[in-house]
Amino acid sequence: MTMQNTDFRLHSLEFRGSAGEFFKIWLVNILLTLLTLGIYSAWAKIRTQRYLYGNTYLFGSSFEYLAEPLQILKGRMIAAAFFGLFILSEYYSSILYGILFIGVILLTPLIIIRSMRFNLANTAYRNIRLGFDGNYRSALLVFMGLPLLVSLTAGLTYPYFVNQWKKFLIDNSRYGTMHFSMRAATPELYRIYLSAGAAFFVAIVAFGFFVSMVGKGQAAAVPTVVFGVLMLHVLLLIYGYMTVNVTNLIINHSQLHTHRLTCNLEIGQYCWLVYTNVLGIILSFGLLTPWAIIRLKRYKLSCIAIQVDGDFERFVAAESEKIDAIGEEFSDLLDIDFGL
Amino acid sequence: MKKLRAYYYDGQNSGRQEVEVHFFDSGDVHIQGENLALRYRFADMRLDPRIGNMARHLHLPGGAQLETADNDTLDAVARTFDHGIVQRLVHTLESSWGVALAALVLTAIMLWAGIEYGVPVAAAWAAVGIPEAARTKIGEESLHSLDNIWLTRSTLDPRLRQRLDLRFRRLTETLPGSRGYRLAFRDSSKLGANAIALPDGTVVITDALVKLAGNDEQIVAVLAHEIGHLQHDHGLRSILQNSLTAIIVAVTLGDVTSISSVAVTLPTLLVEARYSRQFEWEADAYALELLKSQAIPALRFAEMLERMQDSHRDDGDADYFSSHPGTQERIARIRGQEP
């Protein structure tokens, strides 16, 4: 009997993966990747993603990552061949380089769309896939037009750009046939970026003042280093302030159909996690990387919740489509971060 | 017969049902829920590979699926039907701490061997295969971008330049492959006293370096060092080695996301610094041989390095030499060569 629950409570995501388990998976992935001269990396990616998705729970059901290794391998090879050509052309032919460079710029919106589509179409929850419907023309406007506007206005329209960018990604996402949507949050984004910018400005001025105070030479070396390290911490705090507030804001302005999404990351806790992660990774020569990934994931997911509006049992599946992994692997190589 | 409890999802909507699944030795599978009774053949189902201890899905014909965390029962069933041996093997590897330790040791050895021997050998081998035209092109492009960013026209006395040019030619004329070697004079307020060897055989020296030298032999010593870079093809080899290193690090830590980009960049930089130090030693050793054949004492080289170190320290913007903490060590080693 399907439960007809009438539920208005807040249900948070939950991550059940363990660092020890993930460490072993990670290590075997690296070993097999090296032994196969990189070919296994496609399988490694799948196993990593499956582990991270499969341990993400909502209402006691887990998520699923459905991409196949051969798709990833093919996408990876095409992207790698393109970038190989791109790098070589830099030395051999400036014309080809120019053409490819313009090509990359024009293709970026397409790459973003294809990558989103690939990732969402290969994500399922309760046997229903997510999906992405964004089209090239709107993506071109958001990811090419608006950055142009931002540079023309000397950065003053950046918060507006962030709003449009997140809105584009969220509004075009769906779970089955139910759409995600985001309410505009431009004024709040302005407030966040302006305060972060002000803090950054104060920090830089303070640093400049300090450096001019202690002067140059041997005697100034130690205080300069100490103050520099202090500055790094201040910058991390500003970065944390920005990331946490923007993430919270965007998710709190979003909903899936009529179900509200919430997010309550805390700056202190988030910064502490990122700080100890970086420190741990460096001091352990990278060995604590899996631990770092797991604990950040556990914290982030635990802060995201969905406020169910009555019934979560009746989401309906949509027709599924096959999408190749070329866009996804391009964006991997380009290191495009969608910030979601 | 084996049985387990699972969630059933029909694939049409997000509803969930608790069911009991019976696997019979005949290959029949019965799924029993509160108002659900389904029959399948195990051979028609697809089971997700096991990863860690996370819940897995059993995909049914027609698009429905079962989700269960009862991995041991699933594995026992899969073994009975001989399903997915390779994936099971990978899981076996992933579930033992002993294997993890062995993998760690093996990975460390492979990375070390790759960085110490594999990358340099592969780069040297690839460098030989790069045609002359490409070298010329790379050299020209490099000089062009150096000219744009760092260098300006030399203001040295033309007669002085001619004299040094002659010494450069005398130094290189008998060397193998030295046909394209040439000396280029540039001024640079940003680089200070410096010399750079480009892959096409161009050696750039700055006016500051010429002015800093106490005599011609000290300049010749620096030129000999740069010629060492050319003779060993360090320019191309370092481009190739650094690209290879970046690829290896990216592949090794490839699926790591933003939190640890430091962890990806840092090792690459460390390995690059190590290679560049090795190249410096190699070029020094070559320079000493070349100077010996010209009857120039190795001391001139040590003197010049000391002068350069001092000049960069005074500048305050000592980026080049402060990134080479080995200069003191190099000087000591060169002085050690003195009879």
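Here's what I pulled together on the structure shown here. Just so we're clear, the structure is a prediction, and the values are computed from it rather than from any experiment.

Cut-off values and rules
Residues numbered from 1 in each chain as written. Chains lettered and ligands numbered in written order. Predicted model: local features only at pLDDT ≥ 70, side-chain atom pairs only at ≥ 80, totals over all residues. Heavy atoms only, no water. Helix = DSSP H or I, 4+ residues; strand = E, 2+ residues; numbered from the N terminus. Buried < 20%, exposed > 50% of the residue type's maximum accessible area, 1.4 Å probe, protein only. Contact = heavy atoms within 4.5 Å. Areas by Shrake-Rupley, 256 points an atom, 1.4 Å probe, with all protein chains shown as cover. Core = buried A, V, L, I, M, F, W, Y, C linked by side-chain atoms within 4.5 Å. 1 Å grid on protein atoms, 1.4 Å probe; cavity = no way out; pocket = protein on both sides within 12 Å on 5 of 7 lines; lining within 4 Å. Points joined across faces, edges and corners; volume = space filled by probe spheres on them. Nonpolar A, V, L, I, M, F, W, Y, C, P; charged D, E, K, R; others polar. Pairing = 2+ DSSP bridges.

### Structural notes on the overall build of chain A
Point 1. Helix and strand counts for chain A come out as eleven helices and eleven strands.
Point 2. Within chain A, buried positions represent 48% of all 340 residues.
Point 3. The contacts in chain A between residues at least 6 apart in sequence include a share of 73% that link residues at least 24 apart.
Point 4. Working note: accessible area of chain A is about 16700 Å², and carbon and sulfur atoms make up 70% of it.

### Observations concerning the nonpolar core
Side chains that are nonpolar tend, in soluble globular proteins, to be buried together.
Point 1. Ranked by size, the top nonpolar core spans 59 residues in total, and within it Y51, F143, F168, L169 and I306 of chain A carry the most contacts.
Point 2. Setting aside residues up to four positions removed in sequence, I306 of chain A forms contacts with R9, L10, H11, L58, F59, L256, H259, R260, L261 and F312 of chain A.
Point 3. If you look at the next biggest cluster of nonpolar residues, it comprises 39 residues, including Y181, A197, L209 and M304 of chain B.

### Re empty space enclosed by the protein
Point 1. Scanning the model with the defined rule gives three cavities of 30 Å³ or more in all.
Point 2. Forming the boundary of the second largest cavity are R50, G54, F63, E64, Y65 and L66 of chain A together with D48, P49, M54, A55, R56 and H57 of chain B.
Point 3. Put simply, the parts of the chain that give the lining of the second largest cavity at least two residues each are α2 (41–54) and β4 (61–65) of chain A together with β6 (56–59) of chain B.
Point 4. The greatest single-element share of the lining of the second largest cavity, amounting to three residues, is contributed by β4 of chain A.
Point 5. The residue inventory of the lining of the second largest cavity, partitioned by class, reads six nonpolar, two polar and four charged.

### Digging into the environment of V21 of chain B
Residues and elements named next belong to chain B.
Point 1. The residue V21 is located in strand β2 (residues 17–23) in this model.
Point 2. V21 gets classed as buried once you look at its relative accessible area, which sits at 0%.
Point 3. V21 sits 17 residues away from L4 along the chain, and the two C-alpha atoms are 5.4 Å apart.

### Regarding the pairing of strand β1 (residues 2–9) of chain B
All names here are of chain B.
Point 1. Bridge count for β1 against β2 is seven bridges, and the pairing is antiparallel. If you follow Y8 over to β2, its bridge partner there is Q17.
Point 2. Note that β1 and strand β7 (residues 65–68) share three bridges and pair antiparallel. The residue of β7 that forms the bridge with Y9 is Q65.

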